[in-house]
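Residues per chain, in single letters:
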Amino acid sequence: MSKPMDKVLRNRKAALVFLLPALLVYLLTVLAPILWSMYFSFFSWDGVSDMLYIGFDNYTKMFGGDKTFWKAFSNNLIYVSIIVAMQVLLGLLVAILLTSITKGRELFKTLFFAPAIITSVAIAQLFQNVYSFEPVGILNYCLQQIGLGDWSKPWLSDLNWALTAVSVPEGWRYIGLYMIILYSALISIPADIEEAARMDGASSWKLFRSIKMPLIKPVLMVSIIMATTGALKGFDIPYIMTNGGPGRVTELLPTYMYKTAFSSLDFGYGSAMAVFIVIESLIAVAFIRRMMDSKET
Amino acid sequence: MMKISGYSKAVLLVVSFALLVIQVYPLVWVFISSFKGPNDFSGDNPLSLPSQYTFDNYFNVWSKGNLGTYFSNSIIVAVTTIVLVILFSAMAAFVIEKMSFKWSQSVLFLFLCGIMIPIQVVLIPLFILYNKIGIINTLASLILPQVGFALPISIYLFVSFYKYISNEIMEAAVMDGCGVYQVFWRMIFPLSRNTIVTVVVMNLIFVWNEFIFANTFIHDLKSRTIPVGLMDYIGQYGLTDWGATFAAISITTIPTMVVYFMFNKSVISGMTAGATKG
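Residues numbered from 1 in each chain as written. Chains lettered and ligands numbered in written order. Predicted model: local features only at pLDDT ≥ 70, side-chain atom pairs only at ≥ 80, totals over all residues. Heavy atoms only, no water.

**Q** I'd like a rundown of the overall build of chain A, residues and numbers included.
**A** Per the secondary structure count, chain A includes 14 helices and two strands. Since a compact globule built from 297 residues should have a radius of gyration of about 19 Å, the 24 Å found for chain A marks it as more spread out than a globular shape. Each principal axis of the C-alpha distribution contributes one length, and for chain A these read about 80 × 75 × 40 Å. Expressed as a percentage of the 297 residues in chain A, the buried residues total 57%. Counting contacts in chain A only where the partners sit at least 6 residues apart, residues at least 24 apart contribute 65% of the total. Of the roughly 13,400 Å² that chain A leaves accessible, carbon and sulfur atoms contribute 65%. Within chain A, the 20 negative side-chain charges are centred at a point lying 9 Å from the centre of the 24 positive side-chain charges. (Helix = DSSP H or I, 4+ residues; strand = E, 2+ residues; numbered from the N terminus. Rg over C-alpha atoms; globule rule 2.2 N^0.38 Å. Buried < 20%, exposed > 50% of the residue type's maximum accessible area, 1.4 Å probe, protein only. Contact = heavy atoms within 4.5 Å. Areas by Shrake-Rupley, 256 points an atom, 1.4 Å probe, with all protein chains shown as cover. Lys, Arg positive; Asp, Glu negative; His and termini not counted. Charge placed at Lys NZ, Arg CZ, Asp CG, Glu CD.)

**Q** A description of the pattern of salt bridges should follow, citing residues and the corresponding values.
**A** Residues and elements named next belong to chain A. For the structure on display, the rule yields seven salt bridges over all chains. Here D6 makes a salt bridge to R10, at a shortest N to O gap of 3.4 Å. When its relative accessible area of 25% is taken as the criterion, D6 is described as partly exposed. A salt bridge links R173 to E170; its shortest N-O distance comes to 3.5 Å. Residue R173 and its partner E170 are both found in helix α8 (residues 162–173); the two are separated by three residues, about one turn of the helix. Summarising the burial analysis for this pair, R173 and E170 share the class buried. (Salt bridge = Lys/Arg side-chain N within 4 Å of Asp/Glu carboxyl O.)

**Q** A description of the interface of chain A and chain B should follow, citing residues and the corresponding values.
**A** Each partner contributes to the interface: chain A provides 97 residues, whereas chain B provides 99 residues. Across the chain A/chain B interface, buried area totals approximately 8,900 Å², and carbon plus sulfur atoms make up 77% of it. Summed over the shared surface of chain A and chain B, the result is zero salt bridges. For the pair chain A and chain B, the number of links is 15 residue pairs in polar contact (both at pLDDT 80 or more). Looking at the side of chain A that touches chain B, its residues break down into 66 nonpolar, 19 polar and twelve charged. (Buried area = accessible area lost by both parts, 1.4 Å probe. Polar contact = N/O pair within 3.5 Å; in protein donor to acceptor, adjacent residues only side chain to side chain. Nonpolar A, V, L, I, M, F, W, Y, C, P; charged D, E, K, R; others polar.)

**Q** Could you give an account of the side chain of A:N140, naming the residues involved and the relevant values?
**A** Residue and element names in this part refer to chain A. Within the secondary structure, N140 sits in helix α7 (residues 138–145). Note on N140: relative accessible area 0%, which makes it buried. Among the polar contacts listed, one links the side chain of N140 to the backbone oxygen of S132, at a separation of 2.9 Å. Here N140 is in contact with V130, Y131, S132, F133, S152, K153 and W155, once residues within four sequence places are set aside.

**Q** So what's going on with the nonpolar core? Residues and values would help.
**A** Judged by nonpolar contacts, the single largest core of 194 residues is most densely connected at A:F113, B:F94, B:M99, B:I155, B:Y162, B:F184 and B:F217. Ranked by residues supplied to this core, first place goes to helix α4 (residues 67–97) of chain B with 16 residues. B:I155 has contacts with B:S89, B:A92, B:A93, B:I96, B:L108 and B:F111, leaving out every residue within four places of it along the chain. (Core = buried A, V, L, I, M, F, W, Y, C linked by side-chain atoms within 4.5 Å.)

**Q** Could you give an account of the packing of aromatic side chains, with specific residues and numbers?
**A** Think of a pair of aromatic rings as described by two things: how far the centres are apart, and how the planes are tilted against each other in angle. Taken as a whole and judged by the stated rule, the model has 52 aromatic pairs over all chains. Measuring from ring centre to ring centre gives 5.2 Å for A:F69 and A:W70, while their planes differ by 80°; the resulting arrangement is edge-to-face. Plain terms: the ring middles of A:Y258 and A:F262 are 5.0 Å apart, the flat faces sit at 50° to each other, and that makes the pair tilted. Of this pair, A:Y258 and A:F262 both sit in helix α13 (residues 253–262), four residues apart, which is roughly one turn of the helix. This pair shows no difference in class: A:Y258 is buried, exactly as A:F262 is. Ring pairs connect the aromatic residues A:Y39, A:F40, A:F43, A:W45, A:Y53, A:F235, A:Y239, A:Y258, A:F262, A:F267, B:F127 and B:F211, which therefore count as one cluster. Above the ring of A:Y269, the side-chain terminus of A:K61 is found at 3.9 Å from the ring centroid. Between the NZ or CZ atom of A:K153 and the centre of the ring of A:W155, over which it lies, the distance is 4.7 Å. (Phe/Tyr/Trp six-rings, centres within 6.5 Å; stacked < 30°, edge-to-face > 60°. Lys NZ or Arg CZ within 6 Å of the ring centre and 35° of its normal.)

**Q** Before we move on, can you summarise helix α6 (residues 120–130) of chain A with the specific residues and values?
**A** Counting buried residues along α6(A), eleven of its eleven residues qualify, which places the element largely inside the surrounding structure. Considered for burial, the residues of α6(A) that qualify are A:S120, A:V121, A:A122, A:I123, A:A124, A:Q125, A:L126, A:F127, A:Q128, A:N129 and A:V130.

**Q** Which residues make up unusual backbone geometry, and what values do they have?
**A** Residue and element names in this part refer to chain A. A cis amide bond, omega -10°, links G245 with the succeeding residue P246. Take P246: it is sitting in the loop between α12 (236–241) and α13. Backbone geometry places L265, a non-glycine residue, at a positive phi of 50°. Positionally, L265 belongs in the loop between α13 and α14 (267–295).

**Q** Before we move on, can you summarise the packing of helix α4 (residues 67–100) of chain A against α13(A) with the specific residues and values?
**A** Residue and element names in this part refer to chain A. As a packed pair, α4 and α13 sit with axes 8 Å apart at the nearest point and diverge in direction by 145°. For the pair formed by α4 and α13, the contact residues are T68, F69, A72, F73 and N76 on the first element and L253, P254 and Y256 on the second. In terms of residue class, the contact of α4 with α13 is built from six nonpolar, two polar and no charged. (Axes fitted to C-alpha atoms, helices over the stretch in contact; angles between N-to-C directions.)

**Q** Describe the environment of A:I283, with residues and values.
**A** Residues and elements named next belong to chain A. Position of I283 relative to the elements: it lies in helix α14. I283 gets classed as exposed once you look at its relative accessible area, which sits at 53%. Each C-alpha atom, one on I283 and one on I101, is 39 Å from the other, the two residues being 182 residues apart in sequence.

**Q** Tell me about helix α11 (residues 204–232) of chain A, and please be specific about residues and values.
**A** Residues and elements named next belong to chain A. Between its first and last C-alpha atoms α11 spans 35 Å; for 29 residues at 1.5 Å apiece the expected length is 42 Å, and the helix comes up short by more than 12%. The sharpest bend along α11 comes to roughly 60°, located at K217, with the proline P218 sitting one to four residues further on. Two or three places before K206, at the start of α11, stands the capping residue S203, its side-chain oxygen 3.1 Å from that residue's backbone nitrogen. (Expected span 1.5 Å × (residues − 1). Bend = angle between axes of the 7 residues up to and from the residue.)

**Q** Explain the environment of A:F113 to me, and be specific about the residues and the numbers.
**A** In this structure, A:F113 sits in helix α5 (residues 105–113). On the accessibility criterion, A:F113 (0% relative accessible area) is buried. When the C-alpha atoms of A:F113 and A:M179 are compared, they prove to be 8.5 Å apart, with 66 residues separating the residues in sequence. Excluding residues that lie within four positions of it along the chain, A:F113 makes contacts with A:G176, A:L177, A:I180, B:Y260, B:V267, B:I268 and B:M271.

The values reported here are purely geometric and, on their own, carry no functional implication.
Next comes the structure, spelled out in structure tokens:
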């Protein structure tokens, strides 16, 4: 590097001028609030009266005595499983289909991805209508038409089905995203590997299972992590469609945390749950990595 | 490419077409239903076409609701957020990737941590902070956190692009007497046009659709943005005005659809990169 160039790029003042705006906004809106949340979680506080230090009481209450917390936690696990299964399995299926289509692939991709760009409020409203019983919504109407009229029900207020019903829209909207990610992984597999396997007489299924799957495994892992952490934070659609009800059957940790803080004005307890959501996401990522790595051998 | 025999190929095509219908039809259906009259909604076939096409729902939504206000709020928030994100992240990435700055790798790491952070964890502290400094119910309370959360992935995209800019062309500019500011504004920033487009369209869609911050920090009708405004149409006990709802969804989705179909490559690559934060 030449001297004048070196001098220009060592301009400390310019470096600060360029860096400070981003750093300030980021520290104040993303990083510092996490520390605040941890701090608040040791207090009992309604936001108005004095903060009362209570040590780990919020956490003991959360893990020990709060049935709703555990209900929300187990609901969250079901919610995550449905969403990850839809996004990664269906995404992978469509990605495979896409590699065998020659015409209209770009159009297919573009249309398939379209639900991902629509606001969750609109998606929630759309599915409210899909699930509607009276007047009859799309789902119940289709069931009637194919002779399964007995199955039609008010999905969102049915105690057995409401949780599934609020999970599906979130899974549905991002299938296209995972389809694209997995599709790019599939087409990046070198053609000669496939040719060689075919010469050895491998069937399509065998080819997929023993050659393609291992090769796209890293991408598959990233997809599962993304889908899992995305679903753990799931909030908008369940909050808008059922607000945790009926009863608590669709309550998730984020919706419970939100209501605790902003409806019950229990900021300390809400913060403890928020901290738990962060830790839970980190553990999920570590866990999935472990699992995928150990499968390798 | 996968080679698949005739029969199974036919099955694959049918399956993929069915999946495409499930993915796309609901969106088309919302649009078609927005032209239905009130009588069409009381019928027992939700899939039927409108008996006659009417623009009444659109007139009603636009004249009776506050959609105009929500629209302009959303535009202000989106434009301000995106301008700030582009400027801040392009400048920060320049320091991190191109300037001889001692802490650049630590700073980059600090920013990248933000990709992992769920939005819920900042809601309570920011609500309390914004209440204290009095910006609750203002558009600033939506712009600031959205800039903060957009920075990690945007900086990452700019840093990846700057890696490809060779030092020689910067060298040439310096020889011509450019200082560091000119090198950035006259050369690096204009060169990053493609990255700017990706960051713009990706954030436009995220910001336009943002719900949690808007629902938490805004209680005043006047400062609402579109996603929260759309909730107006959900009536209590399921008494929803579906015609108005579908018209409102259509109107508010058209901008993102236009952007998407114009720049779908940039949208998809941006959303793929940014998905972890969503």
